[in-house]
Amino acid sequence: MNQKLKEKILESLSAVLPITGIVLLLSILLVPIDLGAMVMFIVGAVMLVVGMGFFQLGAEMAMTPLGEGIGVQISKTRNIFLVFLIGFFMGLIITLSEPDLQVLAQQVPSIENFTLIFTVAVGVGIFLALAILRIVFQINLSTILIVLYMILIGLSFAVPKDFLAVAFDSGGVTTGPMTVPFIMAMGVGLASVRGDQNASSDSFGLVALSSVGPVLAVLILGLFFRPTETAYTASAVADVKTTRDVIMEFLMSMPPYVREVLISLLPVAAVFVLFQVFSRRYKRRQVTRVSIGFLYTYIGLVLFLCGVNVGFAPVGSSLGSDIGAESWRWLLVPIGMLIGYYIVKAEPAIQVLNHQVESVTNGAVSARSMNRCLSVGVSVSVGLAMLRVLTGLPIYWIIIPGYVIALVLSRLVPKMFVGIAFDSGGVASGPMTTTFLLPLSIGACNAVGGNLMANAFGVVALVALTPLIAVQIMGMLYQYKLKAAGGITVQETGVLDAMDEIIEFEEG
């Protein structure tokens, strides 16, 4: 086996093992799960581990060089309209290719799939273009975020209550495994050409602004569109009796993901071909490496999505229903917090973000410390989501104070941590959230007789919120330690390393 692939798979195993162990313990101590369903869950976990390993290596080989290359070329373009057009087109294409968005659209039957997907894609396209222009003109990210979130909060009072949670959820799911590696690499490519001391901090923030776009777009849609009555159908646990039944269940369930991921990757591959034809940026060996990277990405996403949807999602829905039906349903809050702490580590795009942060900050912020910080943030958010399911607490009461705190902190922390924090919020809410935590929340909400649209949805939005606060607090602590040690600020490090990586790849 490829040594690099082996390392990625072992990383994935260490991320997925804890959440698998938690589900096994819950099935033994609290809510017994049918043996067939548990075998399906374990096989799904194995597919998830292998798939995540392939995906991470593929993203490193293909999506990252492509994003960096396009970012470098855009930064050399003098025509502002052309820069905006390229950013919009890339945001539109990459969002329509995002598997997470398809998952959310299927779980919101009250809004037509195409209507939701196209609205979100347009929102991402516009705001990715604006995010690129922000880097070009070196506009302060904190100022833009404060203005945009004030607009979001104002609009949130004008849309139907049942629409609000879905709108904020849409902002989280658009920054998934397909989108994040590409957009983050584009930011590094854009900023690396500048080489000034603020370039590192400006390389972050594209994901943050791309997450705002769909929320704003869906809120505007809510002003004119009224959702119909929700008729959600929970994921059913497959009825399997033998090991052959298990294998056949996964084999029969795989073709849709084979087609879905192929359709998702083809536009991105076409962009690479066009980019190479017009720019001639990469040598033959680099083109081969990127092509192999696309193949790894394809294999990884097929295995990951099939394992998560067929093995994980039904068990999540079943756990939520069973616990919600018990007299001790209040345990959903601590159980949710425990699951949230470990599940974020299994998000494929999180590992891409954390390693990117470690690289760009020259090790000042390690991948391990980012993992720990995001785990704490997501743990709190899932606990709050379960509390909403049990009590019907309006999402306004959490979302508005949460973003106010995050925006106030954005004026106090180093610039780089603002971008990292708001990027991490979007990245944390990936496929594991939409296919395990959302079914868990919906299953529990059904069991307690709550309003699905108002109370069950919103878990993705909360998972996207708390990392903003957690990472910025971590940034304040890091800055304090650096100043106490008489060191330089974090944003003054890492630019040369990012540039060296791009040069190293281009020299092949």
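Here, the structure is the one placed above.
Residues numbered from 1 in each chain as written. Predicted model: local features only at pLDDT ≥ 70, side-chain atom pairs only at ≥ 80, totals over all residues. Heavy atoms only, no water.

Engineer: Hey, could you run me through the packing of aromatic side chains in this one?
Structural biologist: Any aromatic ring pair is given by two values, namely how distant the centres are and how the planes are angled relative to each other. All chains considered together, the criterion is met by 9 aromatic pairs. Ring centres of tyrosine 149 and phenylalanine 422 lie 6.0 Å apart, and the angle between their planes is 45°; on these two criteria the pair is classed as tilted. A residue pair is termed long-range when its members are at least 10 positions apart, and tyrosine 149 in helix H6 (residues 141-156) and phenylalanine 422 in helix H17 (residues 415-428) qualify at 273 residues. Looking at tyrosine 149, the relative accessible area reads 7%, which means it is buried. (Phe/Tyr/Trp six-rings, centres within 6.5 Å; stacked < 30°, edge-to-face > 60°. Helix = DSSP H or I, 4+ residues; strand = E, 2+ residues; numbered from the N terminus. Buried < 20%, exposed > 50% of the residue type's maximum accessible area, 1.4 Å probe, protein only.)

Engineer: So what exactly am I meant to see when it comes to the packing of helix H15 (residues 367-391) against helix H18 (residues 431-448) here?
Structural biologist: Think of two packed helices as two axes; the pair is described by the angle between the axes and how far apart they sit. At a minimum axis separation of 9 Å, H15 and H18 run at an interaxial angle of 20°. Here H18 runs roughly parallel to H15, going by the angle between their axes. Taken as a pair, H15 and H18 cross one another with a handedness that is right-handed. From H15, Val382, Met386, Val389 and Leu390 reach across to H18, where they touch Leu437, Leu440, Ser441, Ala444, Cys445 and Val448. Of the residues that constitute the contact of H15 with H18, the class distribution is 9 nonpolar, 1 polar and no charged. (Axes fitted to C-alpha atoms, helices over the stretch in contact; angles between N-to-C directions. Parallel < 35°, antiparallel > 145°, perpendicular 65-115°, else oblique. Left-handed = near helix turned anticlockwise from the far one by under 90°. Contact = heavy atoms within 4.5 Å. Nonpolar A, V, L, I, M, F, W, Y, C, P; charged D, E, K, R; others polar.)

Engineer: Could you clarify how one ought to interpret the environment of arginine 134 in this entry?
Structural biologist: Here arginine 134 is to be found in helix H5 (residues 113-137). Sequence separation of arginine 134 and glycine 205 is 71 residues, and the distance between their C-alpha atoms is 9.3 Å.

Engineer: Sorry if this is basic, but what is going on with the pattern of salt bridges here?
Structural biologist: Opposite charge on two side chains makes pairing possible when the charged atoms of those side chains draw close. Taken as a whole and judged by the stated rule, the model has 2 salt bridges. Put simply, glutamate 60 and lysine 4 hold a salt bridge, and the shortest N to O gap is 3.9 Å. Taken together, the residues span a long stretch of sequence, with glutamate 60 in helix H2 (residues 35-75) and lysine 4 in helix H1 (residues 3-29) at a distance of 56 residues. A relative accessible area of 32% places glutamate 60 in the partly exposed class. For lysine 4, a relative accessible area of 35% puts it in the partly exposed group. (Salt bridge = Lys/Arg side-chain N within 4 Å of Asp/Glu carboxyl O.)

Engineer: In this structure, what is going on with the environment of proline 439? I would like to understand it.
Structural biologist: Looking at the element boundaries, proline 439 is found in helix H18. Overall, the relative accessible area of 2% leaves proline 439 in the buried class. Considered as a pair, proline 439 and serine 317 are 122 residues apart in the sequence and their alpha carbons are 4.5 Å apart.

Engineer: Just to check I follow, could you spell out a nonpolar patch on the surface for this structure?
Structural biologist: On the surface, Leu25, Ile28, Leu29 and Leu30 cluster together into a nonpolar patch covering about 420 Å² of accessible area. By the element assignment, leucine 29 lies in helix H1. Residue leucine 29 is classed as exposed on the basis of its relative accessible area of 64%. (Patch = residues over 30% accessible without salt bridge, like charges linked within 9 Å, V, L, I, M, F, W, Y side chains within 5 Å. Areas by Shrake-Rupley, 256 points an atom, 1.4 Å probe, with all protein chains shown as cover.)

Engineer: Where do I start with H1 in this structure?
Structural biologist: Note: α-helices contain 3.6 residues per turn, so residues at a spacing of three or four share the same orientation. Helix length check: H1, at 27 residues, gives a terminal C-alpha distance of 39 Å against a target of 39 Å (1.5 Å per residue), a fit within 8%. Leu5, Lys8, Ile9, Ser12, Ala15, Val16, Ile19, Thr20, Ile22, Val23, Leu26 and Ser27 are the residues of H1 that are buried. Residues of H1 that are buried in the fold lie against H2, helix H12 (284-324), helix H13 (332-343) and H18. (Expected span 1.5 Å × (residues − 1).)

Engineer: Would you take a moment to explain unusual backbone geometry for this structure?
Structural biologist: Negative phi characterises most residues that are not glycine, and trans characterises most peptide bonds. At arginine 280, a position not held by glycine, the phi torsion is positive, near 50°. One can find arginine 280 in the loop between helix H11 (243-279) and H12. Taking the relative accessible area as the measure of exposure, arginine 280 reaches 65% and is therefore exposed.

Engineer: Just to check I follow, could you spell out the side chain of serine 379 for this structure?
Structural biologist: Relative to the helices and strands, serine 379 resides in helix H15. At 2.9 Å, the side chain of serine 379 forms a polar contact with the backbone oxygen of methionine 337. Apart from residues lying up to four places away in sequence, serine 379 is in contact with Met337, Gly340 and Tyr341. (Polar contact = N/O pair within 3.5 Å; in protein donor to acceptor, adjacent residues only side chain to side chain.)

Engineer: Looking at this structure, I do not really get the packing of H6 against H17. What am I missing?
Structural biologist: Two numbers describe how H6 lies on H17: the axes approach to 9 Å, and their chain directions differ by 40°. Judged by the angle between their axes, H6 and H17 are oblique. On the side of H6, the interface is formed by Leu141, Ser142, Leu145 and Tyr149, while H17 contributes Val418, Gly419 and Phe422. Here the residues of the contact of H6 with H17 are counted per class, giving 5 nonpolar, 2 polar and no charged.

Engineer: When you look at H2 in this model, what are you seeing that I'm missing?
Structural biologist: For H2, with 41 residues, the first-to-last C-alpha span of 56 Å sits near the 60 Å given by 1.5 Å per residue. A bend of about 45° at alanine 59 is the largest found in H2. Of all 41 residues that make up H2, 32 are buried, and the element is covered over most of its length. Capping the start of H2 is the job of one residue whose side-chain oxygen sits 3.0 Å from the backbone nitrogen of glycine 36: aspartate 34. (Bend = angle between axes of the 7 residues up to and from the residue.)

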